[in-house]
Amino acid sequence: MNLRIGWLYGHEMNIYGDRGNVLALAHRAKWRGIPSEIVTIGIGQAIAGQAIDLFFWGGGQDREQISVAADLSGDKGRDLKAAIEDGVPILAVCGGYQLLGHYYRPHGEADLPGISALNVTSEAGSERFIGNVVIDAPEFGTLVGFENHSGLTFLGNGVQPLGKVRVGHGNNGRDRQEGARYKNAIGCYLHGSLLPKNPVLADWLISAALERKHGSVDLPSLDDAVETRAHDQVVRRALKLAR
Ligand code: GLN
């Protein structure tokens, strides 16, 4: 049993500590004796034939999104969408999240086409949302992260929000929703990095990837005392600052 992690645009879209998500996935597999391999898939590098079990796609500024959107405009975008439709798990944060949808519309620019894997659309707003975010996610409990985006994302039919915003702005600062869920795909605005402080979500992604490849998997539990302490401390601080 092993885990091939596809790190999409690890050089072009990797801001606000997002690489910590890839490290958390690899370490949480290794700590259970499951070998993992991180495969960076950048501009000009194919997805087809890579036998990726689980994707991560981090955030990036508008200018990186322009070159990445172009890179995904042909077979590569179709291959990624097909993998998501086939149940390959993906966690996409902020700029990556936006390009999982139909388009991202930067300020005063033409729409950047997404891969339409998620029925969502995004457009740059007039305000930049920066700060801690705490959400209540039905499947994962309380999740905590950090947002830094001007993009506003709106969910269409067939897509559920990841959770309800308790602190912060989330998808668009209007509907109190954050993130999007579709099959085994999760898009969200939660930098931080997200997974080290939210081990439940990290393990859900690992389990979904291994179950798709090997059938039912019972991941042994880990001692998450440090992760839980970090999670709870940031939640307390975010709630206190929000008062
Ligand atoms: N450029 C996008 C926005 O500002 C994404 C930014 C990011 O990935 N943090 O909304």
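Scroll up a little and you will see the structure.
Analysis parameters
- Residues numbered from 1 in each chain as written.
- Predicted model: local features only at pLDDT ≥ 70, side-chain atom pairs only at ≥ 80, totals over all residues.
- Heavy atoms only, no water.
- Phe/Tyr/Trp six-rings, centres within 6.5 Å; stacked < 30°, edge-to-face > 60°.
- Helix = DSSP H or I, 4+ residues; strand = E, 2+ residues; numbered from the N terminus.
- Buried < 20%, exposed > 50% of the residue type's maximum accessible area, 1.4 Å probe, protein only.
- Near = heavy atom within 4 Å.
- Polar contact = N/O pair within 3.5 Å; in protein donor to acceptor, adjacent residues only side chain to side chain.
- Areas by Shrake-Rupley, 256 points an atom, 1.4 Å probe, with all protein chains shown as cover.
- 1 Å grid on protein atoms, 1.4 Å probe; cavity = no way out; pocket = protein on both sides within 12 Å on 5 of 7 lines; lining within 4 Å.
- Sits in = over half its atoms within 2 Å of the grid points.
- Pairing = 2+ DSSP bridges.
- Axes fitted to C-alpha atoms, helices over the stretch in contact; angles between N-to-C directions.

S.K.: How would you explain the packing of aromatic side chains if you had to name every residue and give the values?
M.R.: What the rule picks out here adds up to 3 aromatic pairs. Ring geometry for Y9 against W57: centres 5.9 Å apart, planes inclined by 45 degrees, an arrangement best described as tilted. With Y9 in the loop between β1 (3-8) and α1 (19-30) and W57 in strand β3 (residues 54-57), this residue pair connects regions lying 48 residues apart in the sequence. Accessibility assignment for this pair places Y9 and W57 in one class, buried.

S.K.: Outline the site of the ligand, listing residues and values.
M.R.: Near the ligand there are 17 residues, and of these G60, D62, Q65, C94 and G151 occur at the shortest range. With respect to the ligand, the side chain of Q98 contributes an N or O atom lying 3.0 Å from an oxygen atom. Between the ligand and the protein, one listed contact pairs an oxygen atom with a side-chain N or O atom of R128 at 3.3 Å. Relative to its unbound accessible surface of 300 Å², the ligand loses 100% to contact with the protein. More than half of the atoms of the ligand fall within 2 Å of the grid points belonging to the largest cavity.

S.K.: Describe the sheet that holds strand β11 (residues 180-182), with residues and values.
M.R.: A sheet is described by the order of its strands in space; here 6 strands give the open sequence β2-β1-β3-β4-β12-β11, paired in mixed fashion. For this open sheet the edge positions go to β2 (36-41) and β11, each flanked by a neighbour on one side alone. Pairwise comparison of adjacent strand axes, ignoring direction, gives a mean angle of 15 degrees for this sheet. Of the pairings in the sheet, the one linking β1 to β3 comprises 4 bridges and is parallel in character. By the bridge assignment, W7 is partnered in β3 with F56.

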